[in-house]
Amino acid sequence: MKKALGIDIGGTKILYGIVNEQGEVVSEIQKTATPKTADEIYSTLKKIIDENYDNIDVVGLSSAGAVNIENTRVLSSTPNLPDGYNQIDFSTLCDKKVYVENDANCACAAEYKNGAAKGFRTVLMITIGTGIGGGVISDGKLFRGSSGNALEVGSMKIFADKRQKCTCGRYDCWESYASGTGLKNCAKIGAKEYSEFKTSIYKDKNPDEITTYDITDGLQAKDTFSVRVFNQWMEYMYIGLVSLTDIFNPDCIVISGGMCNFVEVQQLEDKINAESVVTDVKVKRATTGNNAGMIGAGVLALE
Ligand code: BMX
C-alpha cells in the first residue's frame, strides 16, 4: 500500500506523520513550532520531507487559505499567514508529488475516509476555529469548485447591512459571527445589549476584552450572560448550517476544529432536520481531532 507524508501547517505548530490509503497513521506523529517567516517555513518543510523521503511515495500538505487549482500554492493573504507565504511553490520541496490542500478540505477527507463520516456518501464538514472552513465530499470525491476554492464558507455573508467588519476586511462573513472569533464578537455586542451582563461574572470587564475562553468558562459556571451569548452564537452557527444543508443535501454533517467540543451537536441535528427542506441528516462531532489536516492531506495526496 502506498504511503504519504501528511503535514499540517498550523498557525502555531506543524504536525506530521506517515499516512496510508485507508487514512491510518502508520508512524509516530511529530510536531514542531511553526516558524514566523515564509522562508523558514519552507526550510522546515524541506527538512521534514528529507528525513522521511525514503519511506513515502507522496507528500500532502494541509494549510489554511485558498489553494490554487494545481494544488501547489496557498493564495490567501489574510493576517493569519506570514508575508511571502503565498509566493511559495510547494511542488519545489521535493522531486516526489507534493500536494497542498485547504485545511478544511483535508479535515473533510479525513473524516470521510477514517472518521465520523466513514460509510456516508455526501459529507459536509465544517471546522470551527479562529475562522470557519468547510469541505464537501460528494460520491467519494472532494468538491473543489472551478478554481479549487469551493466551501470557503467562512466568507459567506449572513447579513446585508454591514453590521460587523470581518478580519478579512469585508463585512458580515459567517466566521465573524459563528467561529471562535465570532463568539468573542457575540460577547462584545451582548455586553451592550443583554441585561444579564449587569449581574455577570464579567460585569467589571471591558467588553472588548472578554475572550472566547471567558464565555466557554462562563458556560461551565452557569453564568447567565455567557449562556445567552453562547445561545446567540449557536443560532448563528445554525442559520449557516441549515442553508448549507439545503444547498448540498448531505447525509452527514461533521463539526470539527477547536470549538467543536462546545457545539451542541444533537440540538443542531434536531433543528436542521426540523427546518431544512432536506430531512434525515446526521450531525456528528469529528473524531480525527488534531490529526485531521495531516490525515486528510495524506489521503488526498495519494488519490
Ligand atoms: C478562514 C480561511 C479558510 C480556513 C478557515 C479555517 C484563511 C487563512 N483561512 O476562513 O481557508 O479553512 O479560516 O481555518 O484564508 P482555521 O485556521 O480557523 O482552522
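Residues numbered from 1 in each chain as written. Predicted model: local features only at pLDDT ≥ 70, side-chain atom pairs only at ≥ 80, totals over all residues. Heavy atoms only, no water.

Side note on the overall build of the chain
Here comes step 1: Along its length, the chain carries eight helices and ten strands.
Here comes step 2: A globule of 303 residues ought to have a C-alpha radius of gyration of about 19 Å, and the chain, at 20 Å, matches this closely.
Here comes step 3: Reported as C-alpha extents along the three principal axes, the dimensions of the chain are approximately 60 × 45 × 35 Å.
Here comes step 4: Pairs at least 24 apart in sequence give 62% of the contacts found in the chain among residues at least 6 apart.
Here comes step 5: Carbon and sulfur atoms form 47% of the exposed surface of the chain, whose accessible area is close to 13900 Å².
Here comes step 6: Across the chain, the mean location of the 32 positive side-chain charges is 1 Å away from that of the 39 negative side-chain charges. (Helix = DSSP H or I, 4+ residues; strand = E, 2+ residues; numbered from the N terminus. Rg over C-alpha atoms; globule rule 2.2 N^0.38 Å. Contact = heavy atoms within 4.5 Å. Areas by Shrake-Rupley, 256 points an atom, 1.4 Å probe, with all protein chains shown as cover. Lys, Arg positive; Asp, Glu negative; His and termini not counted. Charge placed at Lys NZ, Arg CZ, Asp CG, Glu CD.)

Remarks on the domain arrangement of the chain
Here comes step 1: Domain annotation for the chain reports domain 1 (3-115 + 288-302) and domain 2 (153-285).
Here comes step 2: Once you take the C-alpha centre of each, domain 1 and domain 2 turn out to be 29 Å apart. (Domains from an automatic or database assignment.)

A word on the site of the ligand
Here comes step 1: Neighbouring the ligand are 14 residues; Gly-65, Asp-103, Gly-131, Glu-152 and Glu-175 lie closest to it.
Here comes step 2: Taking Asn-102, its side chain carries an N or O atom lying 3.0 Å from an oxygen atom of the ligand.
Here comes step 3: Taking Thr-130, its main chain carries an N or O atom lying 3.2 Å from an oxygen atom of the ligand.
Here comes step 4: About the coverage of the ligand: the protein hides 86% of its 460 Å² of free accessible area.
Here comes step 5: Each residue belonging to the shell around the ligand can be placed in one class, and the counts come to three nonpolar, eight polar and three charged. (Near = heavy atom within 4 Å. Polar contact = N/O pair within 3.5 Å; in protein donor to acceptor, adjacent residues only side chain to side chain. Nonpolar A, V, L, I, M, F, W, Y, C, P; charged D, E, K, R; others polar.)

What to know about helix 1 (residues 38-52)
Here comes step 1: Between its first and last C-alpha, helix 1 extends 21 Å over 15 residues, near the 21 Å set by a 1.5 Å rise per residue.
Here comes step 2: Residues of helix 1 that are buried: Ala-38, Ile-41, Thr-44, Leu-45, Ile-48, Ile-49 and Asn-52. With its buried residues spanning 135 degrees around the axis, helix 1 presents them on a single face. Looking at helix 1, the residues exposed on the side facing more than 90 degrees away from the buried face are Asp-39 and Lys-47.
Here comes step 3: Next to the buried residues of helix 1 lie strand 1 (3-9), strand 2 (13-20), strand 3 (30-33) and strand 4 (58-63). (Expected span 1.5 Å × (residues − 1). Buried < 20%, exposed > 50% of the residue type's maximum accessible area, 1.4 Å probe, protein only. Arc of directions from axis to C-beta.)

So, the pairing of strand 7 (residues 132-138)
Here comes step 1: The element strand 7 is extensively covered by neighbouring structure, given that six of its seven residues are classed as buried.
Here comes step 2: Sheet analysis places strand 6 (residues 122-128) next to strand 7, joined by seven bridges and oriented antiparallel. Considered in strand 7, the bridge of Ile-126 is made with Gly-134.
Here comes step 3: Bridge analysis of strand 7 against strand 8 (residues 141-142) gives two bridges, and the strand direction is antiparallel. (Pairing = 2+ DSSP bridges.)

What to know about helix 6 (residues 224-248)
Here comes step 1: The end-to-end C-alpha distance of helix 6 is 36 Å, a good match for the 36 Å that 25 residues give at a rise of 1.5 Å each.
Here comes step 2: Just past helix 6, the residue Asn-249 takes up positive phi, approximately 50 degrees.

With respect to the sheet that holds strand 8
Here comes step 1: Ordered by their spatial adjacency, five strands build an open sheet running 8-7-6-9-10, and the pairing between neighbours is mixed. For this open sheet the edge positions go to strand 8 and strand 10 (282-285), each flanked by a neighbour on one side alone.
Here comes step 2: Seen against the sheet, helix 7 (residues 265-275) touches strand 9 (252-256) and strand 10 and runs at an angle of roughly 160 degrees to strand 10. (Axes fitted to C-alpha atoms, helices over the stretch in contact; angles between N-to-C directions.)

A few points about the environment of Gly-84
Here comes step 1: Looking at the element boundaries, Gly-84 is found in the loop between strand 4 and strand 5 (97-102).
Here comes step 2: What makes Gly-84 partly exposed here is its relative accessible area of 29%.

A short note on the side chain of Asn-71
Here comes step 1: Structurally, the position occupied by Asn-71 is in the loop between strand 4 and strand 5.
Here comes step 2: In this structure Asn-71 comes out as buried when scored by relative accessible area, which is 5%.
Here comes step 3: In this structure the side chain of Asn-71 is engaged in a polar contact, spanning 3.4 Å, whose partner is the side chain of Glu-101.
Here comes step 4: The contacts of Asn-71, once residues within four sequence positions are left out, are Val-98, Tyr-99, Val-100, Glu-101 and Arg-144.

What to know about the nonpolar core
Here comes step 1: By size, the foremost hydrophobic cluster in this structure holds 42 residues, and its most contacted members are Ile-126, Trp-174, Trp-233, Leu-241, Ile-255 and Leu-268.
Here comes step 2: Looking at this core, the elements that each hand over two or more residues are strand 6, strand 7, helix 3 (175-178), helix 4 (180-193), helix 6, strand 9 and helix 7.
Here comes step 3: A total of eleven residues in this core trace back to one element, the largest contributor, which is helix 6.
Here comes step 4: Excluding its chain neighbours within four sequence positions, the residues that come into contact with Trp-174 are Ile-126, Ile-132, Val-153, Gly-154, Met-156, Ile-158, Tyr-236, Met-237, Gly-240, Leu-241 and Leu-244. (Core = buried A, V, L, I, M, F, W, Y, C linked by side-chain atoms within 4.5 Å.)

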